[in-house]
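One letter stands for each residue in the lines below.
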Amino acid sequence: MRKINVFDTTLRDGEQSAGVNLNFEEKLEIAKQLERLGVDVMEAGFPASSQGDFRSVQAIANTVKGSSVTGLARSVTKDIDVAWEALKKSAEPRIHVFLATSPIHMTYKLRMTPDEVVRTAVESVKYAKAKFPQVQWSAEDASRSELPFLATIIEAVIDAGATVINLPDTVGYTTPQEIGNMFRYLTENVPNIDRAILSTHNHDDLGMAVANSLAAIQNGAGQVECTMNGIGERAGNASLEEIAVALNIRKDHYQADTGLTLKEIKRSSSLVSKLTGMIVPSNKAVVGANAFAHESGIHQDGVLKNKETYEIFTPELVGVSSNRMVLGKHSGRHAFKEKIVELGFNGTEDQIQTIFKAFKDLADKKKDVTEDDLFALMTEATVGEAVAHYELEALQVNYGTNNIPTATITLNVPSEGTIQEAATGSGSVEAIYNTLERMIDGPVILEDYRIQSINGGRDALAEVFVKIQYDGVESTGRGTAHDVLEASAKAYIHAINRTINRRAYNAERMKQLNA
Ligand SMILES: [Zn+2]
C-alpha cells in the first residue's frame, strides 16, 4: 500500500474563496482540527501577502507540531525571507515557492523567456534551501505547460534543492487522462525525479478536481493538495474528504492510502463550514446532510435487510454519528464536561463555564440537546472575537401583519455602559438591522444574509450568517440562538466587532512599522 501525503490548503487556497475572510482565532482553530485529522502538511497562508496572514502563519507554525506547516511565496527573496520569519519555529520548516511555466503565463503575465523562468526558479529554490530543510516548488499552470519544458525546469529545481514538485491544474482545465499522462511522462523523463515527491493540486472548474487528483496518484503523485469541503478559488479545489474516502474505500483499486483519522472528517467539515460561512450542499459526497439518507422505499427495504445493499461505507467511518440526544436538562456539569472533551473541546475552565450556561439555557427550551447543538455552542464560545466592542443585552421586536415592525435594542458597550435605540423596518430583520446601524454609527451595507437550522425539529437552534460592508471593509459574522431574530442580531454584531478588531490591529501594525 503506497502512502499518499495529504497537503491541506484550506487556510490558503480555501481562504481565497470569494467572500471568505477568516480571522486569526478562526484560522488557529481550523489548524488545530486539521492536526487532529492528521494531515501531513498544512498550508497556513501566504505570509508576504499581508500582516494578518503573517501573524496567523506564525501562530500556527508555533502551535501545530503534529503536521508540517508551510507558507506560500513568490519567487522573490523578500517573500522567502518573510516566510522564513513566519515559519522558522515550526516542527519542520517548509516553504512553497511557485513560478508559472505555461506559454501564456510566461509571455503575458511574467513577460519572461523560458530561460529566464528556469534561472529565476533555480535561484529562488537555492535561496529558499539555504533556510528551509523542505522546499516545495510549484510550476503554476503546469497542466497548460509544454511537457519537455516542464521536464527541464523540474530537473533543474531538484538539483537546486527542491524536495517536493507540485504540478497544479491552476485553472481547472485538464482531464483525468491528460493529467495521468503528464505525471507518467515526468516520472519517466526527469532523471533525478527519485529525489523528490510529485504533488498534484487541482481546481474544480469542470467538476473534475477529485477525478484528476486520483488519476495523478495512480500515475506517480505521492502528495495530494486539497481543501475541506472543496472550498477555494473560483469553483474550488479538490475536496479532501472525497479523496481520502475514495482511496480508503477503493484500496483494492488504488493500492494507496492517506493515513488520515477519517472519523475526524465530519467535525473538520462542520468547523470549516461554520467559520467560513460556506454551507455544505446536502447532496455533497461524504459530508452532505443527505450522504447517508436512503429515500426510495426499495432502497430503505434493502438497507434494513443488509446495509451493504445500498451503502458503500458507514456514516461512522467519517465521524457522522446518529446524532442522538446526548444530554438533557438534568445533566450535571461533570457529564457535560466529559461530553465536550469527547467532542474535541480544548479550551479553558472559563470557557467551559460559558458553554455550560448556554447549554442550560438551551436545555430549558429544547427537549433534546444533540452533539451538533453542543458543537455550535462550543464554536461560539471558543472562536469568538478577542474584544467585544458591542454585546447584545436585550432585543424586543414588535411585529404584526398590519403594523410596521419595530425593534428596540439594548447593547452593552464596555467603554460607555449600555445604550438603547429603536427603529422600524419593512420586516423584523430589517427593523433590527436599522436599529443596530444607528447604534454603531453606520452606514452598513448588508451584502448577504443566510439562515439555517441545526438539525431538524421545530425547537432547533438557528444559525445566521451575514456579510456586511462597514467602514469601507467587508466582514462576515455569524450568530447562533434559539430564536431566529436573536441569531440575526448576533450575527450582525459579530461582523461589526470583527471589523473594529481588524481595524485596530491594522492601526497597531502601522504604528509599529512607522516607529
Ligand atoms: Zn490553487
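Residues numbered from 1 in each chain as written. Predicted model: local features only at pLDDT ≥ 70, side-chain atom pairs only at ≥ 80, totals over all residues. Heavy atoms only, no water.

This next bit is on the packing of helix α14 (residues 349-365) against helix α15 (residues 371-382). The relative placement of two packed helices comes down to the angle between their axes together with the axis-to-axis distance. Between α14 and α15, the shortest axis-to-axis distance is 9 Å and the interhelical angle comes to 140 degrees. By the angle between their directions, the pair α14 and α15 is classed as oblique. In this structure, the crossing between α14 and α15 has a hand that is right-handed. On α15, the residues touching Gln351, Ile355, Ala358, Phe359 and Leu362 of α14 are Asp373, Leu374, Leu377, Met378, Ala381 and Thr382. (Axes fitted to C-alpha atoms, helices over the stretch in contact; angles between N-to-C directions. Helix = DSSP H or I, 4+ residues; strand = E, 2+ residues; numbered from the N terminus. Parallel < 35°, antiparallel > 145°, perpendicular 65-115°, else oblique. Left-handed = near helix turned anticlockwise from the far one by under 90°. Contact = heavy atoms within 4.5 Å.)

On to the coordination of the zinc ion, then. Taken together, Asp13 (OD), His201 (NE2) and His203 (NE2) make up the protein donors of the zinc ion, found 2.0 to 2.2 Å from the metal. When its relative accessible area of 5% is taken as the criterion, His201 is described as buried. (Donors = N, O, S within 2.8 Å, 3.2 Å for Na, K, Ca; no water. Buried < 20%, exposed > 50% of the residue type's maximum accessible area, 1.4 Å probe, protein only.)

So, about unusual backbone geometry. With omega at 10 degrees, the peptide bond leading from Gly442 into Pro443 counts as cis. Along the chain, the position of Pro443 falls in the loop between α16 (428-439) and β16 (444-454). The phi torsion at Val286 lies on the positive side, around 70 degrees, for a residue other than glycine. The topology assignment puts Val286 in the loop between α11 (265-276) and α12 (297-305). Backbone geometry at Asp471 places phi at a positive 60 degrees, although glycine is not the residue there.

Those residues carrying the UniProt feature "binding site: Mn(2+)" (unreviewed entry) are Asp13, His201, His203 and Asn237 in this numbering. Over a stretch of 225 residues, the named residues converge on one spot in the fold, their C-alpha atoms separated by at most 10.4 Å. Locating Asp13 in the fold gives a position in the loop between β2 (5-8) and α1 (24-37). Here Asp13 falls in the buried class, since its relative accessible area comes to 3%. Apart from the residues within four sequence positions on either side, Asp13 is in contact with His201, His203, Gly232, Glu233 and Asn237. The residue His201 is located in strand β8 (residues 197-202) in this model. (UniProt positions renumbered as here; feature names shortened; annotations may be inferred.)

Moving on, we get to empty space enclosed by the protein. A water-sized probe, rolled over the atoms, reveals where empty space remains. The final tally for this structure, using the stated rule, is four cavities of 30 Å³ or more. Looking at the largest cavity, its volume works out to about 100 Å³. Ser273, Lys274, Gly277, Ile279, Arg450, Ile451, Gln452, Glu463, Val464, Phe465 and Arg478 are the residues that line the largest cavity. When contributions to the lining of the largest cavity are tallied by element, the ones reaching two or more residues are α11, β16 and β17 (461-470). Of the residues assigned to the lining of the largest cavity, the class counts are four nonpolar, three polar and four charged. Taken as a whole, the second largest cavity holds about 60 Å³ of empty space. Those elements that provide at least two residues to the lining of the second largest cavity are α11 and α15. (1 Å grid on protein atoms, 1.4 Å probe; cavity = no way out; pocket = protein on both sides within 12 Å on 5 of 7 lines; lining within 4 Å. Points joined across faces, edges and corners; volume = space filled by probe spheres on them. Nonpolar A, V, L, I, M, F, W, Y, C, P; charged D, E, K, R; others polar.)

In contact at an axis separation of 10 Å, helix α3 (residues 77-87) and helix α5 (residues 114-129) are set at 25 degrees when each is read in the N-to-C sense. Between α3 and α5, the crossing angle belongs to the class labelled roughly parallel. Both α3 and α5 take part in a crossing whose hand is right-handed. Within the contact between the two elements, α3 uses Thr77, Ile80 and Asp81 and α5 uses Ser124, Tyr127 and Ala128. Residue composition of the contact of α3 with α5, by class: three nonpolar, two polar and one charged.

Sheet architecture is closed into a barrel: eight strands sit in the order β2-β3-β4-β5-β6-β7-β8-β9, paired in parallel fashion. Between one strand and the next, the sheet's axes are offset by a mean angle of 25 degrees, whatever the strand orientation. Relative to strand β7 (residues 164-169), strand β6 (residues 134-140) runs parallel, the two being bridged by three bridges. Looking at the pairing, Trp137 lines up with Ile165 of β7. On the sheet, helix α2 (residues 51-63) packs against β3 (41-45) and β4 (68-74) and is oriented at approximately 150 degrees with respect to β3. Its contacts with the sheet place helix α8 (residues 209-218) against β7, β8 and β9 (223-226), and it is angled at close to 165 degrees to β8. (Pairing = 2+ DSSP bridges.)

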